[in-house]
Amino acid sequence: MATTTQSNPHHDVSDSHHHGHEELSFWRKYVFSTDHKVIGIQYGLTALTFLLFGFFLIMLMRWQLAYPNQPIPVIGGILHFFFGDNAMGAVKDGGGYFIMPDFYNSLGAMHGTIMVFLAIVPLAFGAFGNYVIPLQIGAPDMAFPRLNMASYWMYFVGGVVMFVSFFIPGGAAKAGWTSYSPLATLTDMQYAVNGQTFWLVGMVLLISSSLLGSVNFIATVIQLRAPGLTWMRLPFFVWAQFVTAFLLLLAFPPLEAAGIMQLMDNLLDTSFFLPTGLMVGGSVSMADKISGGGSPLLWQHLFWFLAHPEVYVLILPAIGIVAEVLANNTRKPLWGYKSLVYSALAIGFLSFIVWAHHMYLTGMGVTISTFFQTTTMLISVPSVIILTTLMISLYGGSIRFTTPMLFVLAFLPMFGLGGLTGLPLGFNASDLYLHDSYYVIAHFHYIVAPGTIFALFAGVYYWFPKMTGRKMSEVLGKIHFVGSFIFMNAIFLPMFIQGLDGMSRRMYDGGASYASDMEAGILGLTAESIRLNIPITHAAFGLALFQLPFIFNLFWSIKNGKKVESDNPWEATTLEWATPTPPPHGNFTEQPVVYRDPYEYSVPGVKKGFVAQNESAE
Amino acid sequence: MEIPYNSTPRPDTGLYNAKVGIWLFLASEVMLFGALFSSYILLRVGADPGMWHLRPLNIWLGTINTGVLIFSSITILMSWANLKMNSFEGFRKFMLITLLCSVAFLVIKSIEYGSKFSHGIYPKTDTYYAIYFTLTGLHALHVIGGALVNLYLWGPGSKMWKTDPERFTNRVEVSGLFWHFVDLVWIFLFPVLYLL
């Protein structure tokens, strides 16, 4: 992590300041910078590091699932050195170290937390939003540059707090990324300050960071649009980020409130989420320690009030990137731009009233379940409109199969698969069966992993030339794409089968203890679905292997990529390509003026095939 | 490089940047306190019969504090209006009164806390006191935060009046909007915790 805030060599070329103010010191320029582009790159590198770290955690878990209680190859000893006997048990005849159940729980909880709050959101919103929005709206910077810097550093400190929690006594949080009470309060109670405390403090920092970020984004889009850039001329990416910012602004504070209450439960022995008559382990009564009278469901309501809109925070910026790349590479305008915008707004609004579809199993009542089932079906309508619009946009286009476009083309069916498999989870009756199974895991990973992450990869390949002045290698990019595409599906497709077979999502031994035993008359998981764990794990390692070309490409291309000939190498129409490459402090050499819609490709009678937004009518 | 519309309003929106920012921030604050008020309702409705305290707090102290905050909302408005009328001295005077009000509020609040503690009542006592201390504690943090900003604007920050009076006036307005919000939260807190 320490490397993530360091400078990039490619900044050296941006020394040519157009505005002639004094040179900033190294620290102010690259570390504590208020320039939205530097902050965007800081966000990007930090988030990519966490993405890799979160992936490491899941690879350890996958090993445990496929080969329960077998020693971890190669790095078992290193893990034991860092985490000790409580996390890494030793195999009896000296054959290495394996993962202990508590450590497995920590891995699971932190994989979810890190991927959602420290990797995907900062990458989709913090990195791309920061870098691209001011450029696309023709602004010199964000409306509040210093708040922007504060937002990044709060995120960074929050990430450090989360990371450090692995090394404290008792280890990191173990109650899942959802941190349901009373489990989250009762776990590791022997330590006054435990992993859960770190988790909550980290979350408060991350929430404050995203609050500052979202205020900044919204104010920037409202206030700093270039002359002529009316709302319906905004690139769809800006719309998507704009709606996302509103979701973060309004959905996160309830989790902050809930976090404060759970922190008090853990540290001051209050009973916000702890009911009367709570017992631990079936025998120890908590009555002499806590007053009781609280409600575990209250935590779930507050948590999901954030966490459902959060799902759309994960996907909307991705759809924004997809729309940009798709229009650019099909060389035609997006079909149904206005439908896209209104659908994004509808999703933003509806996402606030669907949260309890995560809670059908809690016994909150049929009336409430029916209400949330209805709203959940409603929200699938704008989602389908978005996907349909993007699909139709492909029709009749002369598609350029560049690396970003390949990722986008894979995004569409993968996102569709993830979305459609969500419907049985939105229905009350079928969800009772599928809840908390591997089916759920497969469903939301299809949306976030081959969905959002593919779109983010597309964004990296697409905007890299603007950031550095060089393109990433197409050959390595295509290897990266093909490998990722195959292995993503090899990982998540079998999980649908496992889930339908009834495999629970939080199983330390890969389901072995719930296996069918015909001789003993036990009807449980089939041997086939347990055996599927092994190819899934192999595919996960395959996926890791195919990220190497990407990592190499990312750093190698900064110095050695193919130089771009112009400021607009993709022949795109939006304003970010009207800046010098890479954009200097202050972005534009002169204030751009917008004359037309965002995607004027293949305009009849125009020889070069596209008209940029800032080209005046002749 | 200068960010546009820092002190002058953008023509088509009619707003300067910080005003957009503070309203967005307040929207998120509404959600923060809204979540806590919702929790209050759920805890109260779900409490075991007879386990919820009815009016256990000192209503007189609460009433005085309500008066103090409402009064300070008026004085901070006056301090802004004085800047608009080009009277820096008037601003200093009314902002000082606002600051004294915040201190008075915090002193009264700590007397209330102190008397609870001396009777052995803490957040862990039961869920009523848990939500009482959380709501009022978070509100008190907002009072402290707002007062610190006001203190800065009254003290070292007021130098800006000489260099950029328009922007300084805007800063006072933004801080005032936050202060009104803090006042408004208390106007909900007072009946909910003291009277109902």
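For the structure itself, look to the data block above.
Residues numbered from 1 in each chain as written. Chains lettered and ligands numbered in written order. Predicted model: local features only at pLDDT ≥ 70, side-chain atom pairs only at ≥ 80, totals over all residues. Heavy atoms only, no water.

Q: Please explain the overall build of chain A as it appears in this structure.
A: Within chain A, the secondary structure is distributed over 19 helices and eight strands. The C-alpha atoms of chain A give 25 Å as radius of gyration, which agrees with the globular expectation for 618 residues (25 Å, within 12%). Taking the principal axes of its C-alpha atoms as reference, chain A extends roughly 80 × 50 × 50 Å. Out of the 618 residues belonging to chain A, those deemed buried represent 62%. A separation of at least 24 residues holds for 77% of the contacts in chain A among residues at least 6 apart in sequence. Total accessible area on chain A stands at roughly 22900 Å², and carbon and sulfur atoms take up 68% of it. When the 27 positive and 33 negative side-chain charges of chain A are each reduced to one mean point, those points stand 11 Å apart. (Helix = DSSP H or I, 4+ residues; strand = E, 2+ residues; numbered from the N terminus. Rg over C-alpha atoms; globule rule 2.2 N^0.38 Å. Buried < 20%, exposed > 50% of the residue type's maximum accessible area, 1.4 Å probe, protein only. Contact = heavy atoms within 4.5 Å. Areas by Shrake-Rupley, 256 points an atom, 1.4 Å probe, with all protein chains shown as cover. Lys, Arg positive; Asp, Glu negative; His and termini not counted. Charge placed at Lys NZ, Arg CZ, Asp CG, Glu CD.)

Q: Looking at this structure, how should I read the overall build of chain B?
A: Across its full length, chain B holds six helices and zero strands. Along chain B, helices and strands appear, N-terminal first, in the series α-α-α-α-α-α. By its C-alpha atoms, chain B is 60 × 35 × 25 Å across when sized along the principal axes. Residues counted as buried form 49% of the 196 residues belonging to chain B. Taking as baseline every contact in chain B between residues at least 6 positions apart, the subset at least 24 positions apart corresponds to 76%. A total of about 9100 Å² of accessible surface is found on chain B, and carbon and sulfur atoms cover 72% of it.

Q: What's the story with the packing of helix 9 (residues 296-330) of chain A against helix 1 (residues 17-46) of chain B in this structure? I'm lost.
A: Two measures define how a pair of helices packs: the angle their axes make with one another and the distance between the axes. Their axes nearest at 11 Å, the elements helix 9 of chain A and helix 1 of chain B cross at an angle of 155°. As judged from the angle between their axes, helix 9 of chain A and helix 1 of chain B are roughly antiparallel. The handedness of the crossing between helix 9 of chain A and helix 1 of chain B is right-handed. The segment helix 9 of chain A lies against helix 1 of chain B, with A:Leu298, A:Leu302 and A:Phe305 engaging B:Met31, B:Ala35, B:Ser39, B:Leu42 and B:Leu43. Of the residues belonging to the contact of helix 9 of chain A with helix 1 of chain B, the class tally is seven nonpolar, one polar and no charged. (Axes fitted to C-alpha atoms, helices over the stretch in contact; angles between N-to-C directions. Parallel < 35°, antiparallel > 145°, perpendicular 65-115°, else oblique. Left-handed = near helix turned anticlockwise from the far one by under 90°. Nonpolar A, V, L, I, M, F, W, Y, C, P; charged D, E, K, R; others polar.)

Q: What's the story with the layout of surface pockets in this structure? I'm lost.
A: Unoccupied space between atoms shows up once a probe the size of one water molecule is rolled over them. Of the pockets and cavities examined, the second largest pocket occupies roughly 1800 Å³. Taken together, 43 residues make up the lining of the second largest pocket; nearest its centre are A:Phe144, A:Leu147, A:Leu212, B:Ala18 and B:Val174. Elements represented by at least two residues in the lining of the second largest pocket include exactly helix 5 (145-164), helix 7 (195-223) and helix 8 (236-267) of chain A together with helix 1, helix 4 (127-154) and helix 6 (165-195) of chain B. No other element matches the eight residues that helix 4 of chain B contributes to the lining of the second largest pocket. Of the residues in the lining of the second largest pocket, the class split is 24 nonpolar, 11 polar and eight charged. (1 Å grid on protein atoms, 1.4 Å probe; cavity = no way out; pocket = protein on both sides within 12 Å on 5 of 7 lines; lining within 4 Å. Points joined across faces, edges and corners; volume = space filled by probe spheres on them.)

Q: What's the story with the packing of helix 11 (residues 366-394) of chain A against helix 12 (residues 403-420) of chain A in this structure? I'm lost.
A: All names here are of chain A. At their nearest, the axes of helix 11 and helix 12 sit 11 Å apart, and the two run at 140° to each other. Comparing the axis directions of helix 11 and helix 12 gives the class oblique. At the point where helix 11 passes helix 12, the crossing takes the left-handed sense. Residues Leu 387, Leu 390, Met 391 and Leu 394 of helix 11 form the contact with helix 12, whose participating residues are Met 405, Leu 409, Leu 412, Phe 415 and Gly 416. When the residues that make up the contact of helix 11 with helix 12 are grouped by side-chain class, the tally is eight nonpolar, one polar and no charged.

Q: I tried to follow the interface of chain B and chain A on my own but got confused; where do I start?
A: In many analyses, interface size is given as the accessible surface area lost on bringing the parts together. Contacts between chain B and chain A engage 37 residues on the former and 44 residues on the latter. Buried surface at the junction of chain B and chain A, both sides included, amounts to about 3100 Å², of which 72% is carbon and sulfur. Contact with chain A buries surface across chain B, with B:Met1, B:Leu24 and B:Lys124 losing the most and accounting together for 21% of the total. Taken together, the connections running from chain B to chain A amount to zero salt bridges. Between the two partners, chain B and chain A, sit six residue pairs in polar contact (both at pLDDT 80 or more). For the side of chain B that touches chain A, the secondary-structure elements that each account for two or more residues are helix 1 and helix 4 of chain B. Per element, the largest residue contribution to the side of chain B that touches chain A is 15 residues, and it comes from helix 1 of chain B. Its residues assigned to classes, the side of chain B that touches chain A comprises 21 nonpolar, nine polar and seven charged. (Buried area = accessible area lost by both parts, 1.4 Å probe. Salt bridge = Lys/Arg side-chain N within 4 Å of Asp/Glu carboxyl O. Polar contact = N/O pair within 3.5 Å; in protein donor to acceptor, adjacent residues only side chain to side chain.)

Q: What is the right way to read the packing of aromatic side chains from this model?
A: Geometry of an aromatic ring pair is reported as the spacing of the ring centres plus the angle between the planes. Residue and element names in this part refer to chain A. Under the defined criterion, the tally for this structure stands at 80 aromatic pairs over all chains. Ring geometry for Trp 27 versus Phe 32: centroids 6.4 Å apart, planes at 20°, classification stacked. The exposed category is assigned to Trp 27, whose relative accessible area is 52%. An aromatic cluster is built from Phe 26, Trp 27, Tyr 30, Phe 32, Tyr 43, Tyr 152, Trp 153, Tyr 155 and Phe 156, whose rings are joined through pairwise contacts. Sitting over the face of the ring of Trp 570, Lys 471 holds its NZ or CZ atom 4.2 Å from the ring centroid. (Phe/Tyr/Trp six-rings, centres within 6.5 Å; stacked < 30°, edge-to-face > 60°. Lys NZ or Arg CZ within 6 Å of the ring centre and 35° of its normal.)

Q: I tried to follow the side chain of A:Thr330 on my own but got confused; where do I start?
A: Residue and element names in this part refer to chain A. The topology assignment puts Thr 330 in helix 9. The class for Thr 330 is buried, based on a relative accessible area of 1%. Only 2.8 Å separates the side chain of Thr 330 from the backbone oxygen of Leu 326, close enough to count as a polar contact. A polar contact of 3.5 Å, which involves the side chain of Thr 330, links it to the backbone oxygen of Ala 327.

Q: Would you mind going over the environment of A:Leu456 with me for this structure?
A: Residues and elements named next belong to chain A. With respect to the helices and strands, Leu 456 occurs in helix 15 (residues 438-468). A C-alpha to C-alpha distance of 8.6 Å links Leu 456 and Ile 120, two positions 336 residues apart in sequence. When neighbours within four sequence positions are excluded, Leu 456 is seen to be in contact with Ile 120, Leu 123, Ala 124, Phe 128 and Ile 321.

Q: Explanation requested: empty space enclosed by the protein in the structure shown.
A: Residue and element names in this part refer to chain A. A full pass over the atoms with the stated rule returns five cavities of 30 Å³ or more. Estimated volume of the second largest cavity: approximately 170 Å³. As for the second largest cavity, its lining consists of 16 residues, and the residues nearest its centre are Tyr 43, Val 121, Pro 122, Ser 209 and Ser 210. Elements with a minimum of two residues in the lining of the second largest cavity: helix 4 (101-136), helix 5 and helix 7.

Q: Looking at this structure, how should I read the nonpolar core?
A: Among soluble globular proteins, nonpolar side chains are generally buried collectively. Grouped together as the largest cluster of nonpolar side chains are 248 residues, with contacts concentrated most on A:Phe236 and B:Leu193. Once residues within four sequence positions are removed from consideration, B:Leu193 is found in contact with B:Tyr40, B:Leu57, B:Tyr128, B:Tyr132, B:Leu135 and B:Thr136. (Core = buried A, V, L, I, M, F, W, Y, C linked by side-chain atoms within 4.5 Å.)

Q: Looking at this structure, I do not really get a nonpolar patch on the surface. What am I missing?
A: All names here are of chain B. A cluster of nonpolar side chains, Ile 70, Phe 71, Ile 74, Met 78, Leu 184, Ile 187 and Phe 188, forms an exposed patch at the surface whose accessible area comes to about 620 Å². Those elements that provide at least two residues to the nonpolar patch are helix 2 (59-84) and helix 6. No other element matches helix 2, which puts four residues into the nonpolar patch. Examined against the element boundaries, Phe 188 turns out to sit in helix 6. (Patch = residues over 30% accessible without salt bridge, like charges linked within 9 Å, V, L, I, M, F, W, Y side chains within 5 Å.)

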